[in-house]
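The lines below spell out each chain.
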Amino acid sequence: MKNKTYLWRCISLLLLLTLLAATFSGCKASGESGSNDGGITKLSFKAASGYDYLKSLDGKSVTISGYMATSSPVDGSFLFLMNLPYQSCPFCVPNTSQLSNTMEVYPKKEESFAYTTQAINIVGTLEVADSEEEPFTDMYGYEFNYKIVDATYSILQADELSEDMALWQKIAESDVINDIYKMYDYVNFLCAWNTYCVNSYTDENGNTVPGYFLYASDAENFIYNDGAQYNYGYQEGYFDGIVQKIEDIDREAFSDLVANIRKAEALADKALAELENKNYTSEYQYVEKFGTEDYVYTLNNGEELTAEMETIYAEFANWLGSWEM
């Protein structure tokens with residue numbers, strides 16, 4: 001499967017939620033950032049989703065609180081900051097290597113970060129990419145529009161955390177956010193299966209077998225076959241199970257999250273119907289990515305499905321980013 005897809009599934013299944021640091025709490029914040037004494041701007045994960053706002057803070061001192069992902073480099077050369085504890089790998093936008101709800105934080109020159117499981121407060125300088133089209137890239141291939149550099153951290157004391165932390169901790173312990181990222185992985189595949197591919201590989205005889213973008217038959221196999229990569233989402237009651245898990249924690253507090261899940265379910269039904277009704281075309285053409293000619297599929301309503309997926313996913317990301325310490 002496509003490298004980016006594999007990376008995304010690793011993140012979802014392996015440990016999910018290397019989310020944005022300071023967004024841990026239980027009280028939903030407006031997402032706006034304020035200025036503290038000493039000219040340090042308090043940054044929030046929700047506000048950090050806006051490139052223009054971030055650009056206005058480029059080079060400024062910022063502070064934000066959160067948790068260090070366990071997948072942060074062991075040498076302490078930088079850390080992944082998230083808003084939930086007990087998480088490992090950073091999240092990405094489905095089928096990409098673009099970080100979502102995750103911040104990369106770098107220490108001062110010739111210094112390094114020691115790992116801790118405790119909540120931390122970061123103070124450093126915000127560095128923003130020159131444009132959204134030219135993001136930063138780390139050694140793992142993750143892409144991001146901003147990072148915090150020349151940073152230090154301090155351990156937060158219990159009385160510095162939000163009063164609603166217990167509720168937020170419950171959802172972290174339930175691992176339901178992992179389930180939701182896996183769900184979005186499935187929904188995105190339905191909406192854009194034609195953009196997924198099997199990569200080129202070398203066979204046992206040393207011959208290069210060219211890769212290809214998925215055919216409609218491949219998509220069906222991935223969805224319908226027992227044990228296939230996306231067969232879990234096709235199962236009856238799949239979305240109901242996620243909703244039940246959320247409502248078992250707190251039906252009222254997380255009603256907006258449930259509403260988002262139901263939107264994703266409706267989109268999944270729509271996208272699956274497009275595949276079942278063969279609402280697509282194919283063209284035999286040269287595929288530059290693999291240096292060969294092959295059939296390439298186009299979904300008749302692909303742009304509409306992708307746009308709806310991005311909107312619903314962004315709603316979830318903003319919900320996640322609105323929980324602050």
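First, a word on scope: everything that follows refers to the structure included in this document. (Residues numbered from 1 in each chain as written. Predicted model: local features only at pLDDT ≥ 70, side-chain atom pairs only at ≥ 80, totals over all residues. Heavy atoms only, no water.)

**Overview of the packing of aromatic side chains**
And then number 1: For the coordinates displayed, the defined rule picks out 34 aromatic pairs.
And then number 2: Three or more aromatic residues link up through ring pairs in this structure, and these residues are Y186, F189, Y196, F222, Y230, Y232, Y238 and F239.
And then number 3: Of note, K147 hangs over the ring of F136, and the distance from its end group to the ring centre comes to 4.5 Å. (Phe/Tyr/Trp six-rings, centres within 6.5 Å; stacked < 30°, edge-to-face > 60°. Lys NZ or Arg CZ within 6 Å of the ring centre and 35° of its normal.)

**A short note on unusual backbone geometry**
And then number 1: Phi at D150 is positive, roughly 50°, even though this residue is not glycine.
And then number 2: Mapped onto the secondary structure, D150 falls in strand β9 (residues 146-155).
And then number 3: When its relative accessible area of 40% is taken as the criterion, D150 is described as partly exposed.
And then number 4: Although it is not a glycine, D175 adopts a positive phi angle of roughly 70°. (Helix = DSSP H or I, 4+ residues; strand = E, 2+ residues; numbered from the N terminus. Buried < 20%, exposed > 50% of the residue type's maximum accessible area, 1.4 Å probe, protein only.)

**Notes on the packing of helix α7 (residues 238-250) against helix α8 (residues 255-276)**
And then number 1: Viewed as axis vectors pointing N to C, α7 and α8 meet at an angle of 175°, and their least axial separation amounts to 10 Å. Our classification of the angle between α7 and α8 gives roughly antiparallel. For the pair formed by α7 and α8, the contact residues are F239, D240, I242, V243, I246 and E247 on the first element and L257, V258, I261, R262, A264, E265 and A268 on the second. (Axes fitted to C-alpha atoms, helices over the stretch in contact; angles between N-to-C directions. Parallel < 35°, antiparallel > 145°, perpendicular 65-115°, else oblique. Contact = heavy atoms within 4.5 Å.)

**A word on the pattern of salt bridges**
And then number 1: For the coordinates displayed, the defined rule picks out eight salt bridges.
And then number 2: Of the charged contacts in the structure, one is a salt bridge between D179 and K245, with a shortest N-O distance of 2.7 Å. Taken together, the positions of D179 in helix α4 (residues 176-192) and K245 in helix α7 put the pair 66 residues apart, joining distant regions of the chain.
And then number 3: Accessibility expressed as a relative area gives 22% for D179, which makes it partly exposed.
And then number 4: For E247, the salt bridge goes to R251, with nearest N and O atoms at 3.4 Å.
And then number 5: Judged by relative accessible area, R251 falls into the exposed class, the value being 56%.
And then number 6: Bridged by salt links that share partners, the residues D240, R262 and E265 form one connected network. (Salt bridge = Lys/Arg side-chain N within 4 Å of Asp/Glu carboxyl O.)

Any functional reading would require information that these geometric values do not contain.
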